[in-house]
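Fold and contact review
Residue-level listing of the chains:
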Amino acid sequence: MISFPFLMATMGATVGLLIAILVFTTVTDSIDCDSLPEEASLECNSAVSTSWLVVSILPIALFFCLFTIFGGVGGGASMRVISISNIEERAKKMERMGVEHILRKTKAKILDRSKRGNELYEINMIPNYPLKYLKYEDPSTANKLYGCFVPSDTKTADEAMAWKFQITEEEYVNDLVFEA
Amino acid sequence: MATPIDPKRTLRRQGDILFKPISVIPQYAEKMEGNIVAHGESGNLHQTSGGQVQLFRKKHDTTDLFSPRPELAKVQDPLQVDYLEVHQDTVLMHEEHNKIDLPKGKYVVVHEREWNPFALEADRIRQVID
């Protein structure tokens with residue numbers, strides 16, 4: 001799947017390429033190197049080549065600038081990892097990248113930590129669209145860490161965990177006795 | 001002093017599956033063969049060992065013909081177990097998770113879900129895939 005930073009960077013590079021072509025055609029149309037004396041013609045052609053080189057750097061530079069600006073480096077990579085649809089694959093990649101690193105890169109702010117070790121975070125990577133993310137341990141797979149998004153109106157970590165299993169927070173805290 | 005466990009309220013969870021005791025299996029449920037309660041993409045199974053169990057799933061049309069966009073109607077996973085009746089105590093096994101005991105009784109099988117904030121509003125709640 002094409003990531004958002006890659007898409008934005010590709011669009012930027014395309015715009016940069018169009019500008020480069022426009023600049024280059026304008027330069028070549030306005031200068032007639034062949035009508036100049038031989039020595040001047042050589043220098044003129046050299047200048048045209050240099051202008052082509054300079055303008056051709058524009059789309060490449062725009063690609064990398066936009067890729068970085070839209071989070072392709074650091075935060076964007078972390079967002080991609082926590083958004084992987086398969087929970088096991090997500091957990092493995094989170095472990096490989098480092099959960100603390102991911103939370104730092106996504107600017108996650110802890111909202112609640114429960115006695116059962118569940119942690120609820122708010123992630124503000126998208127302007128005016130705060131996301132709630134739950135980090136929890138699996139009781140039997142050697143405390144392997146898992147994470148998933150939960151509805152944005154969730155207030156506590158245990159409420160989030162209860163929502164995942166369609167039970168109330170009270171049921172989760174009091175009645176969920178056997179966990180493996 | 002520890003609070004005594006009430007079997008009628010006690011919830012049991014193994015990974016992405018939770019068992020909640022119920023008094024009756026709904027009439028719209030239909031029986032299923034076998035002892036596999038849930039199966040993951042990775043090939044790991046939640047399956048009962050020993051005892052005697054009967055699996056059930058919700059019986060309904062696999063497509064919603066009244067949907068304004070029938071091509072988007074959700075197709076029910078034919079292997080998804082929604083209810084479980086344990087006639088004789090059993091044990092639920094899984095390759096990665098510890099086993100859990102399932103005493104005699106009737107249960108609704110709740111599959112773990114999560115929120116997808118990047119999906120369209122109607123598709124934001126999805127079942128966890130493992």
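Residues numbered from 1 in each chain as written. Chains lettered and ligands numbered in written order. Predicted model: local features only at pLDDT ≥ 70, side-chain atom pairs only at ≥ 80, totals over all residues.

**A few points about the overall build of chain B**
Within chain B, the regular secondary structure consists of zero helices and 12 strands. Overall, chain B shows an N-to-C arrangement of helices and strands of β-β-β-β-β-β-β-β-β-β-β-β. A burial count over chain B gives 26% of its 130 residues as buried. A fraction of 62% describes how many contacts in chain B between residues 6 or more apart in sequence connect residues 24 or more apart. (Helix = DSSP H or I, 4+ residues; strand = E, 2+ residues; numbered from the N terminus. Buried ≥ 20, exposed ≤ 12 C-beta atoms within 10 Å, placed from the backbone. Contact = placed C-beta atoms within 7 Å.)

**Observations concerning the overall build of chain A**
The secondary structure content of chain A amounts to seven helices and five strands. The order of α-helices and β-strands along chain A, N terminus first, is α-α-α-α-α-β-β-β-β-α-α-β. Projected onto the principal axes, the alpha-carbon positions of chain A cover approximately 95 × 30 × 25 Å. For chain A, with 180 residues in total, the buried portion stands at 30%.

**Quick word on the environment of Tyr83 of chain B**
All names here are of chain B. Within the fold, Tyr83 resides in strand 7 (residues 83–88). Given 22 C-beta atoms within a 10 Å radius, Tyr83 is considered buried. Tyr83 sits 47 residues away from Ile36 along the chain, and the two C-alpha atoms are 12 Å apart. The residues contacting Tyr83, other than those within four sequence positions of it, are Ile25, Ala29, Phe56, Tyr107, Val108 and Val109.

**As for the sheet that holds strand 10 (residues 105–111) of chain B**
The strand order across the open sheet built from seven strands is 5(A)-1(B)-2(B)-10(B)-7(B)-6(B)-3(B), with neighbouring strands paired in mixed fashion. In this open sheet, the two strands that pair with only one neighbour each are strand 5 (176–179) of chain A together with strand 3 (29–32) of chain B. Within this sheet the neighbouring strands show an average axis-to-axis angle of 30 degrees, counted without direction. (Pairing = 2+ DSSP bridges. Axes fitted to C-alpha atoms, helices over the stretch in contact; angles between N-to-C directions.)

**A short note on the environment of Leu134 of chain A**
Residue placement: Leu134 of chain A occurs in strand 3 (residues 131–137). If we skip the residues at most four places from it in the chain, Leu134 of chain A touches Asn118, Leu120, Gly147, Cys148, Val150, Ala157, Ala160 and Met161 of chain A.

**Some words on helix 2 (residues 38–69) of chain A**
Between its terminal C-alpha atoms helix 2 of chain A stretches 47 Å, which fits the 46 Å expected from 32 residues at 1.5 Å a residue. For helix 2 of chain A, the set of buried residues is Leu62, Phe63, Leu66 and Phe67 of chain A. (Expected span 1.5 Å × (residues − 1).)

**Structural notes on the pairing of strand 2 (residues 119–123) of chain A**
Residues and elements named next belong to chain A. Where burial is concerned, most of strand 2 is hidden: four out of the five residues are buried. Of the pairings in the sheet, the one linking strand 2 to strand 3 comprises five bridges and is antiparallel in character. Paired with Glu122 across the bridge in strand 3 is Lys132.

**Quick word on the confidence of the model for chain B**
Residues and elements named next belong to chain B. In this model, chain B carries an average pLDDT of 84, and 82% of its residues clear a pLDDT of 70 or more. Across residues 67–73 the pLDDT falls below 50, and counting only partners more than four positions away or on other chains, this stretch makes seven contacts in the model. Interface confidence in the predicted complex, given as ipTM, is 0.84; pTM for the same model is 0.71. (pLDDT = per-residue confidence, 0-100.)

**Let's talk about the interface of chain B and chain A**
In many reports, interface size means the accessible area that the parts give up when they come together. Counting residues at the interface gives 28 residues for chain B, matched by 24 residues for chain A. Going through the elements one at a time, strand 1 (11–14), strand 2 (17–22) and strand 11 (113–115) of chain B are the ones with two or more residues in the side of chain B that touches chain A. Element by element, the count of residues in the side of chain B that touches chain A is highest for strand 1 of chain B, at four residues. Among the residues making up the side of chain B that touches chain A, the classes are represented as 10 nonpolar, seven polar and 11 charged. Two elements, strand 5 of chain A and strand 1 of chain B, share three bridges in a ladder whose sense is parallel. Bridge pairing links Leu176 of chain A to Leu11 of chain B in strand 1 of chain B. (Nonpolar A, V, L, I, M, F, W, Y, C, P; charged D, E, K, R; others polar.)

**Brief notes about the domain arrangement of chain A**
Domains assigned within chain A are domain 1 (4–69) and domain 2 (106–174). Computed from C-alpha coordinates alone, the two centres of domain 1 of chain A and domain 2 of chain A are separated by 50 Å. (Domains from an automatic or database assignment.)

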